[in-house]
Amino acid sequence: MGIFILYKTILSSGILMLSLLVAMYSTLIERKIAGFFQDRLGPDRAGPWGLLQPMADGIKLFFKEEFMPNTADKFLYILGPSLTMLIALLTSAAIPWGGNLVIGGKEYPLQVADINIGILYIFAIVSIGVYGIMIGGWASNNKYALLGAIRASSQMISYELAMSLAIISVVMMTGSLSLKDIVAQQHGLNWNVWYQPVAFLIFLVCAFAECNRSPFDLPECETELVGGYHTEYSSMKLGFYLFAEYINMFISAAVMATLFFGGYNFPFMDKLALSPNAMAVIGFFVLFTKITFFGFVFMWVRWTLPRFRYDQLMRLGWKVMIPLAILNVVITGIVILIN
Amino acid sequence: MMFTKYIFFFLSILALYSALMVLMSRKPIHSVLYLTLTFFAIAGHYVLLNAQFLAVVHVIVYAGAIMVLFLFTVMLLNLNKEEVSPKPVWIKIVVIIAGGTLMIVMIGIFRGYDVALKEDPFLTQIGLVKNLGRVLYKDYLLPFELSSILFLTAMVGAVLLGKKEQI
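Cut-offs used in this document
Residue indices follow the written sequence of each chain, beginning from 1 at its first position. A letter from A marks each chain and a number from 1 marks each ligand, given out in the order of writing. Local features in a predicted model are, by the rule used here, given only for residues with pLDDT of at least 70; side-chain atom pairs are given and counted only at 80 or more, and totals for whole chains, interfaces and linings are based on all residues. Neither water nor hydrogens contribute to the side-chain values; these are computed over all heavy atoms in the structure. Helix numbering and strand numbering both begin at the N terminus, where a helix is a DSSP run of H or I of at least 4 residues and a strand a DSSP run of E of at least 2. Under the scheme applied here, a residue whose accessible area is under 20% of the maximum for its type counts as buried, over 50% as exposed, and between as partly exposed, the area being computed with a 1.4 Å probe on protein chains only. Any two residues whose heavy atoms approach within 4.5 Å at even a single point are treated as in contact. Accessible surface area values rest on a Shrake-Rupley calculation with a 1.4 Å probe, where residue burial reflects the displayed protein chains alone. The charged-residue count follows a simple rule in which Lys and Arg add positive charge and Asp and Glu add negative charge, with His and chain termini not counted at all. Note that the charge is assigned to NZ on lysines, CZ on arginines, CG on aspartates and CD on glutamates. Polar contacts here mean pairs of N or O atoms no more than 3.5 Å apart (in protein, one a potential hydrogen donor and the other a potential acceptor; neighbouring residues in sequence count only if both atoms are side-chain atoms). Whenever Lys or Arg places a side-chain nitrogen within 4 Å of a carboxyl oxygen from Asp or Glu, that contact is recorded as a salt bridge. Values of pLDDT, ranging from 0 to 100, describe the predictor's confidence in every residue of the model. In the cavity and pocket records, a cavity denotes points on a 1 Å grid over the protein atoms alone where a 1.4 Å probe fits but cannot get out, a pocket denotes an open set with protein on both sides within 12 Å along at least 5 of 7 lines, and lining residues are residues with an atom within 4 Å of a point. Grid points are joined across faces, edges and corners, and a volume is the space filled by probe spheres set on the points. In the scheme used here, Gly and all other residues not listed as nonpolar or charged are polar, with Ala, Val, Leu, Ile, Met, Phe, Trp, Tyr, Cys and Pro taken as nonpolar and Asp, Glu, Lys and Arg as charged. Any two rings among Phe, Tyr and Trp, with Trp reduced to its six-membered ring, count as a pair given centres within 6.5 Å; such a pair is stacked if its planes are under 30 degrees apart, edge-to-face if over 60, and tilted if neither. An automatic or database domain assignment is the source of the domain bounds shown. Note: buried area is the sum, over both parts, of the accessible area (probe 1.4 Å) each one loses when the two are combined. Exposure above 30% relative accessible area and the lack of any salt bridge qualify a residue for a patch; like charges then connect within 9 Å, and the nonpolar side chains Val, Leu, Ile, Met, Phe, Trp and Tyr within 5 Å. In this description, a nonpolar core means a group of buried Ala, Val, Leu, Ile, Met, Phe, Trp, Tyr and Cys residues linked to one another through side-chain atoms lying within 4.5 Å.

## Quick word on the overall build of chain A
- Helix and strand counts for chain A stand at 13 helices and two strands.
- Summarising its shape, the C-alpha atoms of chain A cover approximately 60 × 45 × 45 Å along the three principal directions.
- Here chain A holds 339 residues, and 55% of them are scored as buried.
- Look at the contacts in chain A between residues 6 or more apart in sequence, and 79% of them connect residues 24 or more apart.
- About 15,500 Å² of surface is accessible on chain A, with carbon and sulfur atoms providing 72% of the total.
- Side-chain charges of chain A comprise 21 positive and 20 negative groups, with the mean position of each set lying 2 Å from the other.

## Considering the side chain of S252 of chain A
All names here are of chain A.
- Inspection of the secondary structure puts S252 in helix α11 (residues 235-260).
- At 2.5 Å, the side chain of S252 and the backbone oxygen of N248 are in polar contact.
- Here S252 is in contact with A207, C211 and F298, once residues within four sequence places are set aside.

## Topic: unusual backbone geometry
- Look at D39 of chain A: it is not a glycine, yet its phi comes out positive at around 60°.
- Summarising the element assignment, D39 of chain A is placed in the loop between α1 (2-37) and α2 (53-63).

## Here we look at the pattern of salt bridges
Residue and element names in this part refer to chain A.
- Taken as a whole, this structure holds six salt bridges over all chains when the rule is applied.
- Note that D57 and R31 form a salt bridge whose closest N and O atoms lie 3.0 Å from each other. Of this pair, D57 sits in helix α2 while R31 sits in helix α1, and the two are 26 residues apart along the sequence.
- Residue classification places R31 among the partly exposed residues on the basis of a relative accessible area of 35%.
- We note a salt bridge from R315 to D311, for which the minimum N-O separation is 3.5 Å. Note that R315 and D311 are positioned in helix α13 (residues 310-338) at a spacing of four residues, about one turn of the helix.
- For R315, a relative accessible area of 45% corresponds to the partly exposed category.
- You can call D311 partly exposed: its relative accessible area is 35%.

## Considering the confidence of the model for chain B
Residues and elements named next belong to chain B.
- When pLDDT is averaged along chain B, the result is 82; 83% of the residues meet or exceed 70.
- The secondary structure element of chain B with the lowest average pLDDT is helix α5 (residues 129-139), at 82, and the one with the highest is helix α6 (residues 141-162), at 90.
- With pTM at 0.83, the complex prediction returns an ipTM value of 0.79.

## Quick look at empty space enclosed by the protein
All names here are of chain A.
- For the structure on display, the rule yields two cavities of 30 Å³ or more.
- Taken as a whole, the largest cavity encloses approximately 380 Å³ of empty space.
- Along the walls of the largest cavity sit 26 residues, with V126, M156, E210, C211 and N248 positioned nearest its centre.
- Mapped by element, the contributors of at least two residues to the lining of the largest cavity are α3 (74-90), α4 (118-128), α6 (143-174), α9 (197-210) and α11.
- Ranked by the residues each element gives to the lining of the largest cavity, the list is headed by α11, at seven residues.
- Split by residue class, the lining of the largest cavity holds 18 nonpolar, six polar and two charged.

## Regarding the packing of aromatic side chains
Residue and element names in this part refer to chain A.
- All told, the structure shown has 21 aromatic pairs over all chains when counted by the stated rule.
- When the centroid spacing of 5.0 Å and the interplanar angle of 70° are considered together, the rings of F200 and F261 count as edge-to-face. Taken together, the residues span a long stretch of sequence, with F200 in helix α9 and F261 in the loop between α11 and α12 (276-302) at a distance of 61 residues.
- Feature note: the residues W191, W194, F200, F203, F260, F261, F293 and F294 constitute an aromatic cluster, connected by ring pairs.

## Looking at the environment of G157 of chain B
All names here are of chain B.
- Tracing the chain through its elements places G157 in helix α6.
- We classify G157 as partly exposed; its relative accessible area is 28%.
- Residues G157 and S31 lie 126 residues apart in sequence; the distance between their C-alpha atoms is 28 Å.

## Describing the domain arrangement of chain B
Residues and elements named next belong to chain B.
- Partitioning chain B into domains gives domain 1 (1-82), domain 2 (85-115) and domain 3 (126-167).
- Between the C-alpha centres of domain 1 and domain 3 there is a distance of 24 Å.
- At the interface, four residues of domain 1 touch four residues of domain 3.
- Roughly 320 Å² of surface becomes buried between domain 1 and domain 3 when both sides are summed, with 73% attributable to carbon and sulfur atoms.
- Here domain 1 is connected to domain 3 by zero salt bridges.
- Counting the contacts that link domain 1 with domain 3 gives zero residue pairs in polar contact (both at pLDDT 80 or more).
- For the side of domain 1 that touches domain 3, the residue count by class is two nonpolar, two polar and no charged.

## Some points on a nonpolar patch on the surface
- Together, L52, M55, I59, F62 and F63 of chain A make up an exposed nonpolar region whose accessible area comes to about 580 Å².
- Among the structural elements, L52 of chain A can be located in the loop between α1 and α2.

## Considerations on the nonpolar core
All names here are of chain A.
- Of all hydrophobic cores here, the largest spans 112 residues; its most connected members are W97, F203, L259 and F260.
- In terms of residue count, α11 provides more of this core than any other element does, 16 residues in total.
- Beyond its immediate stretch of four places on either side in the chain, W97 contacts I15, S92, L110, F250, A254, Y264, F284, L287 and I291.

## Quick notes on the side chain of S176 of chain A
All names here are of chain A.
- By the element assignment, S176 lies in the loop between α6 and α7 (179-185).
- Separated by 3.0 Å, the side chain of S176 and the backbone nitrogen of S178 make a polar contact.
- Each residue touching S176, except ones within four places of it in the same chain, is listed here: V171, D181 and I182.

Shown next as structure tokens:
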């Protein structure tokens, strides 16, 4: 029991550190990629190749002046960014990061909690993710912030529906809500994306919307709303909002890789005939490569596509994504019935 | 398990406190947020009863969707005024009588209820999604389908009401 608790503590703090580190360097990678797309260099002053840029940004954010509007709701104003950060970090608990480690004849899974409803757990956390933005936007007592918060909430509710409907078809095929089972079924190259390409596309689009990433970054649309929901935020409180966005991106890339691209599975994995420990480590790196790829897709889309207009966004969500997702569920059901 | 007991008490106190604060908060936004907190505390109780599916669906549906819409509406209405206009006396009397009646009914219900624990208080596996699905789609298929139709009707009604009138 003691070893079990120790192991879980080490694992969860490791994952926490990993998501923070990844989020930190995503900011640098994003700026480098933006530079690449716009034919410039990107940050390269701090350290070799600009590697110390995230540190410099972090230090800058910490030392900036804390500012709070006079008319703000003090408690909620602080609660907003804290909640956003907390919720962003909660999701990683249910993701299987690799196979089982075997130490001293005992199996240690590389997953903090194998909940039998893992995928629903992730959706529950995603669905409450909007609270931080709404609370922050409202508590600032600023019209632009409020508009951003309201946009965020309606956007998230709309896209959540299509997202869950896209997942239902995957769950119908797998017959389980546990992420571990879903990954185990995609052994080798038997990935879900070959069977459910439509569901994957819907999920991808909705993931952009759920992370408030361009082309769906209307809650913080700077051409219309100054800074959107974080107009009134400064210093590390703003840093939390920005940081949580990168963590969310990392986690949604991980969920995408897990659900549709086989998680830690890779082709010809049976032919290697390695020990389970080596397989677990390789599996982790394979999953990480997939996550990096999806992170790149996120940035690629952001620096290539223009922003949607709000009515276009709503129309896309309700009139295209949801009917398409329902159709996908029905077709999946019919195919399963025939087989 | 002592640990579960402590969690139970913590969640119960949290649920009661936040439910009270829903009524006592001055700002409507605070009330809505406290109501969300109540839902989380109740979801925690479901987890303690090993009904994880119910807990998660509770969070998704209530905290994730319904309360967000509530918050949305309250924010748009801008009910931010601190002072609440004092109610006339007769309204207070009516409220007290109505509330008291409800309390009498509740007391009546709980007095008639056998609180003594049964031999097997609850089956630990009953809340898992497999068993729940089996029960819903086998034993209670008709009520389940009927309530689905009810929801569908409500949805169609809402869409119809929300539609702009075409003259």
